[in-house]
Amino acid sequence: MTADSRPDLFNADVLAIAAHRNDVEQTCGGTLLRMASRGLRTAILDLTRGEAGTRGTAEDRATEAAEAAKLLGVRWREALDLPDGAVENTLENRSKIARIVRLLRPRVVILPYWQARHPDHAIVATLGYEACFLAGLSKAPAVKAPAYSVEPESVPEVASLPPHRPFKIVYASLYADVRPSFIVDITPFIEQRQASLMVYRSQYANQAAGSGLFVAEEEIRERTFAEARHYGLLAGVRYGEPFVQKEVGLVDDLTLVPVQSI
Ligand SMILES: [Zn+2]
């Protein structure tokens, strides 16, 4: 999953962008699995590497993220070098993300919802949206070459890649106190999603560091399944992941609108 495999990546179907390694596994991992099972090309861009985490090192998180990517069936996953815990919406950061958007050319981008307890998550909603806009500008503002963490030579500068703007941006709203626009049924994928989360041993295994801060390992499964069950029930399925879209929905045939009313 390096830039060498770039020809494979043109026109990715779905790109999930998140602040931290293991965010995507929690908020939209089941959706990525469902898309991959339909033969769609999925990708993940983590913006930070986890160097400020209470638990584990950036190296631990890199190994775990690669393992999780395999379990989620994604074609490509990389991490940028934005500072963990201090993500900011700057032109340089927008350019770093825009370069990846131009490289992968996704039709759909998944971002975190714009209100969140962790400031990094909230900022990524705006930062990611504005980066997608920038990626579509044919005359994107020139930015001094931002450092790219992996194989800098092989990833072209944003200005040298053709413009691309995703068709659709949706916001993963699992942790937001907001009514979702729609639910993705992840029932067949809930165990695989859980497996992808639990490869982050540095974060979830019981340990002294952060023991008053982190949920005990044995409770994680109950919590994640309860959340998925809650959102599933809203749409009449067993397990679901919630999303918000800013646009209204469009219907072609009233008889095919899903989710029963009574
Ligand atoms: Zn996070």
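Bear in mind the structure is a predicted one, so any value in this text is a computation, not a measurement.

Participant: Now, about the sheet that holds strand β1 (residues 14-18): what can you tell me, with residues and values included?
Facilitator: Overall, mixed pairing links the 7 strands, which are arranged β3-β2-β1-β4-β5-β7-β6 in an open sheet. Among the strands making up the open sheet, the edge pair consists of β3 (76-82) and β6 (182-185). Looking at each pair of strands side by side, their axes are set apart by 30 degrees on average, direction ignored. Summarising the sheet, strand β4 (residues 108-112) and strand β5 (residues 168-172) pair through 5 bridges and their orientation is parallel. Each residue of the ladder has a partner; that of Ile110, found in β5, is Val170.

Participant: So what's going on with the coordination of the zinc ion? Which residues, and what values?
Facilitator: Binding of the zinc ion to the protein goes through His20 (ND1), Asp23 (OD), Asp23 (OD) and His121 (NE2), at separations of 2.0 to 2.6 Å. In this structure, the zinc ion is surrounded by 4 donor atoms whose angles at the metal cover 54 to 119 degrees, and the resulting shape is irregular. Sequence spacing of the donors to the zinc ion: H-x2-D-x97-H. Within this pair, whereas His20 is found in the loop between β1 and α1 (23-27), its partner His121 is found in helix α5 (residues 119-135), the two being separated by 101 residues in sequence.

Participant: Could you give an account of helix α2 (residues 29-37), naming the residues involved and the relevant values?
Facilitator: Where α2 is concerned, the buried positions are Gly29, Gly30, Thr31, Leu32, Leu33 and Met35. One or two residues past the end of α2 sits Gly39, with phi positive at roughly 85 degrees.

Participant: For the environment of Ala135, give the residues involved together with the corresponding values.
Facilitator: Inspection of the secondary structure assignment puts Ala135 in helix α5. Taking the relative accessible area as the measure of exposure, Ala135 reaches 0% and is therefore buried. Once the C-alpha coordinates of Ala135 and Leu161 are considered, the two residues, 26 residues apart in sequence, prove to be 9.2 Å apart. Excluding residues within four positions of it along the chain, Ala135 makes contact with Ala98, Val101, Arg102, Pro163 and His164.

Participant: Kindly report on the pairing of strand β7 (residues 240-244), identifying the contributing residues and their values.
Facilitator: Most of β7 sits out of view: 5 of its 5 residues are buried. The alternating pattern of β7 places Gly240, Pro242 and Val244 and Glu241 and Phe243 on opposite faces, both of which are buried. Across 2 bridges, the pairing between β5 and β7 is antiparallel. Looking at the pairing, Ala172 lines up with Phe243 of β7.

Participant: Describe the nonpolar core, naming the residues involved and giving the relevant values.
Facilitator: If you look at the biggest cluster of nonpolar residues, it comprises 31 residues, and the most contacted ones within it are Leu15, Ile17, Leu45, Leu47 and Ile97. Every element with two or more residues in this core is listed here: β1, β2 (42-48), β3, α4 (91-104), β4, α5 and β5. Looking at this core, the element that brings in the most residues is α5, giving 7 residues. Residues within four places of Leu45 in sequence aside, it is in contact with Leu15, Ala16, Ile17, Ala18, Trp76, Glu78, Leu80, Ile97 and Ile100. Formed by 23 residues, the second largest nonpolar core is a distinct cluster that contains Ala18, Met35, Leu72 and Val184.

Participant: Give a detailed account of the packing of helix α3 (residues 58-72) against helix α6 (residues 190-198), specifying residues and quantitative values.
Facilitator: Helix-helix packing is characterised by the crossing angle of the two axes and by the distance between the axes. Where α3 contacts α6, the axes come no closer than 8 Å and their chain directions differ by 170 degrees. As summarised for this structure, α3 and α6 are arranged roughly antiparallel, according to the angle between their axes. Only Gln192, Ala195 and Ser196 of α6 make contact with α3, whose side of the interface consists of Ala68, Leu71 and Leu72. Here the contact of α3 with α6 is composed, by residue class, of 4 nonpolar, 2 polar and no charged.

Participant: Talk me through the confidence of the model for the protein chain; I want residue IDs and the actual numbers.
Facilitator: Averaged over every residue, the pLDDT of the protein chain is 90; residues scoring 70 or more account for 90%. Counted against residues more than four places away or in other chains, residues 1-5, with its pLDDT under 50, gives 13 contacts.

Participant: For the pairing of β2, give the residues involved together with the corresponding values.
Facilitator: The side chains of a regular strand alternate between both faces of the sheet. Among the 7 residues that make up β2, 7 are buried, leaving the element largely enclosed by the rest of the structure. Across 5 bridges, β1 lies against β2 in parallel orientation. Along β2, the bridge assignment pairs Ala18 with Asp46. Here β2 runs beside β3; their pairing, made up of 5 bridges, is parallel.

Participant: I'd like a description of the packing of aromatic side chains, backed by residues and values.
Facilitator: Evaluated as defined, the whole model comprises 4 aromatic pairs. On the basis of an interplanar angle of 90 degrees and a centroid distance of 4.8 Å, the ring pair of Trp114 and Tyr171 is categorised as edge-to-face. Taken as a pair, Trp114 in the loop between β4 and α5 and Tyr171 in strand β5 lie far apart in primary sequence, 57 residues in all. When its relative accessible area of 1% is taken as the criterion, Tyr171 is described as buried. With a centroid separation of 5.5 Å and an interplanar angle of 15 degrees, the aromatic rings of Phe182 and Phe243 are classed as stacked. Of the two residues, Phe182 is situated in strand β6 and Phe243 in strand β7; the sequence distance between them amounts to 61 residues. Among the aromatic residues, those joined into a cluster by ring pairs are Tyr113, Trp114 and Tyr171. The aromatic ring of Phe133 is capped on one face by Arg165, whose charged end is 4.1 Å from the ring centroid. Cation over ring: Arg221 sits above Phe225, and NZ or CZ is 4.2 Å from the ring centre.

What counts and how
- Residues numbered from 1 in each chain as written.
- Predicted model: local features only at pLDDT ≥ 70, side-chain atom pairs only at ≥ 80, totals over all residues.
- Heavy atoms only, no water.
- Pairing = 2+ DSSP bridges.
- Helix = DSSP H or I, 4+ residues; strand = E, 2+ residues; numbered from the N terminus.
- Axes fitted to C-alpha atoms, helices over the stretch in contact; angles between N-to-C directions.
- Donors = N, O, S within 2.8 Å, 3.2 Å for Na, K, Ca; no water.
- Tetrahedral: all angles 85-135°; square planar, octahedral: opposite > 155°, others 65-115°.
- Buried < 20%, exposed > 50% of the residue type's maximum accessible area, 1.4 Å probe, protein only.
- Contact = heavy atoms within 4.5 Å.
- Core = buried A, V, L, I, M, F, W, Y, C linked by side-chain atoms within 4.5 Å.
- Parallel < 35°, antiparallel > 145°, perpendicular 65-115°, else oblique.
- Nonpolar A, V, L, I, M, F, W, Y, C, P; charged D, E, K, R; others polar.
- pLDDT = per-residue confidence, 0-100.
- Phe/Tyr/Trp six-rings, centres within 6.5 Å; stacked < 30°, edge-to-face > 60°.
- Lys NZ or Arg CZ within 6 Å of the ring centre and 35° of its normal.

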